[in-house]
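Understanding the architecture of this molecule
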Amino acid sequence: MGLAVVSAAAPALADNTINITGVGPASVGVDYSCEASAGVVGIKAMVGDPRAESPSATGTQDTVTCDGAQHAAVVVLDGLPLSKGQQVQVRVALVDRDDTVASGQANVFTLG
């Protein structure tokens, strides 16, 4: 009698990720991926002067697809409009219903 050894590899789990792809005067573009088990319900963005204590504009995108694949989204900003040549810090995050961050990114951009 032979002993069969079966090795089943667990499916690879994708990390929850979000990357800023563009910043405009009234929106932020992102690429993101998330697993359904992460509980992500939206994308939040904050934009403002890098030295400010609070953002000058914020936005939320409540339509997200969490299936492990990469997706693109645009978060529309509410607040003070951004200007060409302005340097801004942009923070984006995948959040659950309690606003807990599953993944986030921050970067400084000069608007072209």
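The structure under discussion appears in the preceding block.
Residues numbered from 1 in each chain as written. Predicted model: local features only at pLDDT ≥ 70, side-chain atom pairs only at ≥ 80, totals over all residues. Heavy atoms only, no water.

Concerning the pattern of salt bridges
Side chains carrying opposite charge are able to pair once their charged atoms draw close together. Per the counting criterion, the structure on display carries two salt bridges. Put simply, aspartate 99 and lysine 44 hold a salt bridge, and the shortest N to O gap is 3.0 Å. Of this pair, aspartate 99 sits in the loop between strand 7 (87-96) and strand 8 (101-110) while lysine 44 sits in strand 3 (residues 40-48), and the two are 55 residues apart along the sequence. With relative accessibility at 46%, the residue aspartate 99 sits in the partly exposed group. Judged by its relative accessible area of 32%, lysine 44 falls in the partly exposed class. Taking the shortest distance from any N to any O, the salt bridge between aspartate 49 and arginine 51 comes out at 3.3 Å. A relative accessible area of 66% means that arginine 51 is categorised as exposed. (Salt bridge = Lys/Arg side-chain N within 4 Å of Asp/Glu carboxyl O. Helix = DSSP H or I, 4+ residues; strand = E, 2+ residues; numbered from the N terminus. Buried < 20%, exposed > 50% of the residue type's maximum accessible area, 1.4 Å probe, protein only.)

Notes on the environment of valine 23
Mapped onto the elements of the fold, valine 23 is located in strand 1 (residues 17-23). For valine 23, a relative accessible area of 22% gives the class partly exposed. Considering only alpha carbons, one finds valine 23 and leucine 111, 88 residues apart in sequence, at a separation of 7.1 Å.

Here's the deal with the state of the cysteines
Under the definition given, this model contains one disulfide. The disulfide partner of cysteine 34 is cysteine 66, and the S-S distance across this bridge is 2.0 Å. Handedness here is read from the sign of the S-S torsion; for cysteine 34 and cysteine 66, about -80°, the answer is left-handed. Of the two residues, cysteine 34 sits in the loop between strand 2 (27-33) and strand 3 while cysteine 66 sits in the loop between strand 4 (57-61) and strand 5 (71-76), which places them 32 residues apart along the sequence. Comparing cysteine 34 with cysteine 66 shows no difference in burial state: the two are buried. (Disulfide = S-S within 2.5 Å.)

Remarks on the sheet that holds strand 1
With antiparallel pairing, the three strands of this open sheet are ordered in space as 1-2-5. Strand pairing shows two members of the sheet lacking a second neighbour, strand 1 and strand 5, which therefore form its edges. If you compare each strand with its neighbour and ignore which way they point, the axes differ by 30° on average. One ladder, built from six bridges, connects strand 1 with strand 2; its direction is antiparallel. Each residue of the ladder has a partner; that of threonine 17, found in strand 2, is serine 33. (Pairing = 2+ DSSP bridges. Axes fitted to C-alpha atoms, helices over the stretch in contact; angles between N-to-C directions.)

Regarding the sheet that holds strand 3
If you walk across this open sheet you meet the five strands as 6-4-3-7-8, and the pairing is antiparallel. Unpaired on one side and paired on the other, strand 6 (78-79) and strand 8 mark the two borders of the sheet.

Remarks on the nonpolar core
Core analysis: the largest hydrophobic core is formed by 22 residues, its most contacted members being Val28, Tyr32, Ile43 and Val92. When residues of this core are traced back to their parent elements, those giving at least two are strand 1, strand 2, strand 3, strand 5 and strand 7. (Core = buried A, V, L, I, M, F, W, Y, C linked by side-chain atoms within 4.5 Å.)

By themselves, these observations are geometric and do not establish any function.
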